[in-house]
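Structural description and commentary
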2 protein chains.
Amino acid sequence: MTAHAPQTERSVGEVADVAAYMVGLGQAARAAASQMRRAATGDKNRALLAMATHLQRQRSEILAANAADLARGRESGLDAALLDRLALNDDRLDAMVEGLVQVAALPDPVGEIDGMHSRPSGIQVGQMRVPLGVIGIIYESRPNVTLEAASLCLKSGNASILRGGSEARDSNAAIAACIRAGLCDAGLPEAAVQVVATTDRAAVGQLITMPEYVDVIIPRGGKSLIERISREARVPVIKHLDGVCHVYIDATADLDKALAIAVNAKTHRYGTCNTMETLLIDAQVAERILPRLAEAYALHDVELRGCERSRAILDGISAATEEDWHAEYLAPVLAVRLVDGIDAAIEHIERYGSHHTDAIVTENYGLARRFMAEVDSSSVIVNASTRFADGFEYGLGAEIGISTDKLHARGPVGLEGLTTRKYVVLGDGQVRQ
Amino acid sequence: MTAHAPQTERSVGEVADVAAYMVGLGQAARAAASQMRRAATGDKNRALLAMATHLQRQRSEILAANAADLARGRESGLDAALLDRLALNDDRLDAMVEGLVQVAALPDPVGEIDGMHSRPSGIQVGQMRVPLGVIGIIYESRPNVTLEAASLCLKSGNASILRGGSEARDSNAAIAACIRAGLCDAGLPEAAVQVVATTDRAAVGQLITMPEYVDVIIPRGGKSLIERISREARVPVIKHLDGVCHVYIDATADLDKALAIAVNAKTHRYGTCNTMETLLIDAQVAERILPRLAEAYALHDVELRGCERSRAILDGISAATEEDWHAEYLAPVLAVRLVDGIDAAIEHIERYGSHHTDAIVTENYGLARRFMAEVDSSSVIVNASTRFADGFEYGLGAEIGISTDKLHARGPVGLEGLTTRKYVVLGDGQVRQ
């Protein structure tokens, strides 16, 4: 063991005064953020690669900690989906190591200067990209999020405070030890990444109400968690609410493309936020495309719920209710509605959608242009699957989440979303007249 | 009178159910925002120029309404500074008209697409600049803010709800009539700009807690107003708190430049947020520069409050207390402190500053570079006056305020700060593998 070899967190779940403990983390994070703001790119990358090394070395310890979490989870009756999200194995650990290597390879956004130009007064003005400061991340049972969040906050020069789900407490403590060891190896402050060591729920309440120590909160998890945090936070929140995503097949659509896109957008994965939940079809082409779609969906056991007019074409599908248009199924269920043209489609999307991701399939230039301009969603797509709305697919290199907010970051959030821009002014003695 | 000639607001101060009234404004604004999102640049510019015409035509009515506000203000004992901010005259009206013409001439940020590039999957991805939606602006007694805020929100494709101070209610109603008339002339929805017609304070409480109708709140005014709004808002706030700005004169500074910058940063205007409040001087050059500075400040009747070491050089200046380092004087008072090098200067700025605007005067390349990277303020300036931290000086063409927040917009906020970017994806039938 080297001097910096990771040790298992001793204090898991054993904090007496939660508020004081969280304030302590906040103060340490604030101090670390000052150092991280000026950290060299090379040191940040060295820390990330050192974490990867520690993760490799501590593989059996991490899997043992995870086994303890899983055993406790089974005892307390967690369902199979939750246990699956909680579970680590060699493949998942390999992916975590690979993720660290990838983040180390990304360009450092900090210090980038844009738009430097001369003003009539003689000064030059530009904007420099800088870290946000201290980022609080609140997530649920997946322990790999601990490492993902830590690596992205670190690379973008921020200090982070990570609060994972209590189900993953031992796994997170073991991963946290590797993170700390990596920071030490690179000479960066240990408090640059702090994993909350208590499972007390009061820790979350404290974390989201310390604007003096925390600059932004990013919750990752179910809708109720995010709604609660948004309601109670005194710190800005970058949030990700639901994805009620649409595909609209226009009358001029290439029907082969429409078929491929509509099937992929629904069936590629059911549980993701960029999965299509409602399919809108121009009534002019419904008779030609709906039977083909129904056949394809049947192969995937997707249940269709249709409007009156679509049910007149497709025998035996159930009727969609008002609730179906609002639904984020996250399941092999699809609402189908015929509409008369693009105005009706956009109106439906504006009324029922969640401003996440919406797509049009069309060969008409004007309609493509209108859909792009007028649909107010974080991703607007022409002739491709909604499933592309993703940080990796967009080339961000990494993703901390998808923002459904309008301010600051909208859509997939990568390293850039974890930074801000300040103005820099270069002069030569200029004064204001 | 034309069909669209402005009429004086009838309902000033006479709203029975404030909450219902504000919800009505919110719903109308949300509907108008959908139309404004797709409004043509030409129509927006036409509306701005038509407002200028109506303002010219209604000059005497506006001045009469303002006279009524001023008379009421004098009766209720408003102080001279407040009455001055409230007062309109021909010069100020000319400036308002000119402001509209300037905003019409600015490039339209809406629809701009950045970074469009091809991905290995075959899709192209870029980001399109779009309006935020509905913006609520809360301000105090200056009636010209009504027009400024309306014009910037309009040009950036947003709907706005404007709540000015009750002292200016008649002036604001008269200006609102011109705004509505201009919107009508250009065929844009009247609800694109709504001036709250009740002076009931409950209107503010309602406006900042309707996230379903309002996307962002921008408060303009004193610190207590902004703190209250930040505390109570359920809608994101772009806020401007205090400006405790510093100039640091390094040992390598050109002392003539240092003198000019330090004098300008303090004395150009006392009441502005980018005015220097504390001067930091490297102890190595203090004996050479401090007496010259003291002489210059004496000509402007600026009171100096110094640290022990500066008082040893300058006879008879009073001692600065801990409070002075925190103070935003907004007055001809300046705190002066000698420091030993850049680390001590940055430490002072980090501890006492407000992250607004800070400047270094230096001829040393490495120190200039360090100051720029390490000082965490919305504007960081090398060898120029802090007074340059301003939307017009930076070339934004207009300014809705200066943000001291880190998220979304930091520093002077122009049209771009009133927009957001969504992802646009162009494909040709691509599906996710």
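Here the structure is a predicted model, which means the values were calculated and not measured.

What to know about the sheet that holds strand β6 (residues 216-219) of chain B
All names here are of chain B. An order of β5-β4-β3-β6 is seen for the four strands of this open sheet, with the pairing classed as parallel. With partners counted over all chains shown, the strands left at the sheet margins are β5 (193-195) and β6, one partner each. Strand after strand, the sheet turns through a mean of 20 degrees between neighbouring axes, direction not considered. Pairing analysis gives four bridges linking strand β3 (residues 134-138) to β6, with the strands arranged parallel. Bridge pairing links I135 to V216 in β6.

Quick word on the confidence of the model for chain A
Detailed reading of the predicted model is not advised wherever pLDDT is low. Residues and elements named next belong to chain A. In the predicted model, chain A carries a mean pLDDT of 94, and the fraction of residues at 70 or more is 97%. For the stretch residues 1-12, pLDDT sits under 50, and the model shows 22 contacts to residues farther than four places along the chain or on other chains. We note a pTM of 0.91 for the whole complex and an ipTM of 0.91 for its interfaces.

Topic: the relation of the copies chain B and chain A
Expressed as a screw operation, the relation of chain B to chain A combines 0.0 Å of axial shift with a rotation of 180 degrees, fitting to an RMSD of 0.1 Å. Taken together, these values place the two copies in the relation of a two-fold axis. Relative to the rotation axis, the closest C-alpha in chain B is found at H408 of chain B, a distance of 1.8 Å. Of the interface residues in chain B, 100% have counterparts in chain A that sit at the interface too, so the contact is made through matching surfaces.

What about the interface of chain B and chain A?
With 69 residues of chain B in contact, the opposing surface of chain A contributes 69 residues. Taken over both partners, the interface formed by chain B and chain A buries close to 5900 Å², and the fraction arising from carbon and sulfur atoms is 52%. When the buried area of chain B at its contact with chain A is split by residue, L407, Y423 and R432 of chain B rank highest and sum to 15% of it. Seen at the junction of chain B and chain A, the total is 16 salt bridges. With a closest N to O distance of 3.7 Å, D215 of chain A and K406 of chain B form a salt bridge. Between chain B and chain A we count 50 residue pairs in polar contact (both at pLDDT 80 or more) in total. When residues of the side of chain B that touches chain A are traced back to their parent elements, those giving at least two are α1 (18-37), β2 (124-131), α10 (255-267), α14 (342-352), α15 (365-374), β13 (379-384), β15 (411-413) and β16 (419-430) of chain B. For the side of chain B that touches chain A, the leading source of residues is β16 of chain B, giving eleven residues. Taken together, the residues that form the side of chain B that touches chain A break down as 29 nonpolar, 20 polar and 20 charged. Of the strand pairs in this sheet, strand β13 (residues 379-384) of chain A and β16 of chain B are connected by five bridges, and their pairing is parallel.

As for the sheet that holds strand β8 (residues 276-282) of chain A
The strand order across the open sheet formed by ten strands is β10(A)-β9(A)-β11(A)-β8(A)-β7(A)-β12(A)-β13(A)-β16(B)-β2(B)-β1(B), and the pairing between neighbours is mixed. Each edge of the open sheet carries a strand with a single partner, namely β10 (318-319) of chain A together with β1 (113-118) of chain B. In this structure, β8 of chain A lies alongside strand β11 (residues 333-339) of chain A, joined through five bridges in parallel fashion. Residue pairing across strands places I281 of chain A opposite L338 of chain A, the latter belonging to β11 of chain A.

Notes on the pattern of salt bridges
Applying the stated criterion across every chain, the model contains 76 salt bridges over all chains. R311 of chain A is the partner of E308 of chain A in a salt bridge, and the nearest nitrogen-oxygen pair spans 3.4 Å. Of this pair, E308 of chain A and R311 of chain A both sit in helix α12 (residues 308-313), separated by three residues, roughly a single helical turn. Residue E308 of chain A is classed as exposed on the basis of its relative accessible area, which comes to 58%. A salt bridge links D108 of chain B to K44 of chain B; its shortest N-O distance comes to 2.9 Å. Note that D108 of chain B is positioned in the loop between α5 (90-105) and β1 and K44 of chain B in helix α2 (residues 41-57), a separation of 64 residues in sequence. What makes D108 of chain B buried here is its relative accessible area of 17%. Owing to a relative accessible area of 1%, K44 of chain B belongs among the buried residues under this scheme.

A look at the pairing of strand β12 (residues 357-361) of chain B
Residue and element names in this part refer to chain B. Burial runs high along β12: five of the five residues are buried. Alternating residues of β12 divide into T357, A359 and V361 and D358 and I360, and every residue in both groups is buried. Bridge count between strand β7 (residues 245-249) and β12: four bridges; the pairing is parallel. Each residue of the ladder has a partner; that of Y248, found in β12, is I360.

Criteria and cut-off values
Each chain has its residues counted from 1, running along the sequence as written. In the order they appear in the text, chains get letters beginning with A and ligands get numbers beginning with 1. Per-residue local features are limited, in this predicted model, to residues with pLDDT of at least 70; the limit for side-chain atom pairs, both in listing and counting, is 80 or more; totals at the level of whole chains, interfaces and linings are taken over all residues. Where side-chain values are given, they derive from all heavy atoms of the structure, hydrogens and water being excluded. One requirement defines pairing of two strands: DSSP has to find at least two bridges between them. Secondary structure is summarised from DSSP: a helix means a run of H or I of at least four residues, a strand means a run of E of at least two, and numbering begins at the N terminus for each. Only the contacting stretch of a helix is used when fitting its axis, a line to C-alpha atoms as for every element, and angles between N-to-C directions run 0 to 180 degrees. Confidence of the predictor in every single residue is expressed as pLDDT, which spans 0 to 100. Two residues qualify as a contact provided that any one of their heavy atoms is within 4.5 Å of a heavy atom in the partner residue. Least squares is the method for superposing the copies, and the C-alpha atoms it fits come from residues with pLDDT of at least 70 in both. Throughout, the accessible surface (probe 1.4 Å) given up by two parts as they are put together, summed over both, is called the buried area. Salt bridges are defined by distance alone: a side-chain nitrogen of Lys or Arg within 4 Å of a carboxyl oxygen of Asp or Glu. Polar contact is the term for a pair of N or O atoms within 3.5 Å; when the atoms are in protein, one must be able to donate a hydrogen and the other to accept it, and sequence-neighboring residues count only if both atoms are side-chain atoms. Gly is put with the polar residues, along with every residue not named as nonpolar or charged; the nonpolar set is Ala, Val, Leu, Ile, Met, Phe, Trp, Tyr, Cys and Pro, and the charged set is Asp, Glu, Lys and Arg. In this scheme, a residue with accessible area under 20% of its type's maximum is buried, one over 50% is exposed, and one in between is partly exposed, where area comes from a 1.4 Å probe on protein chains only.

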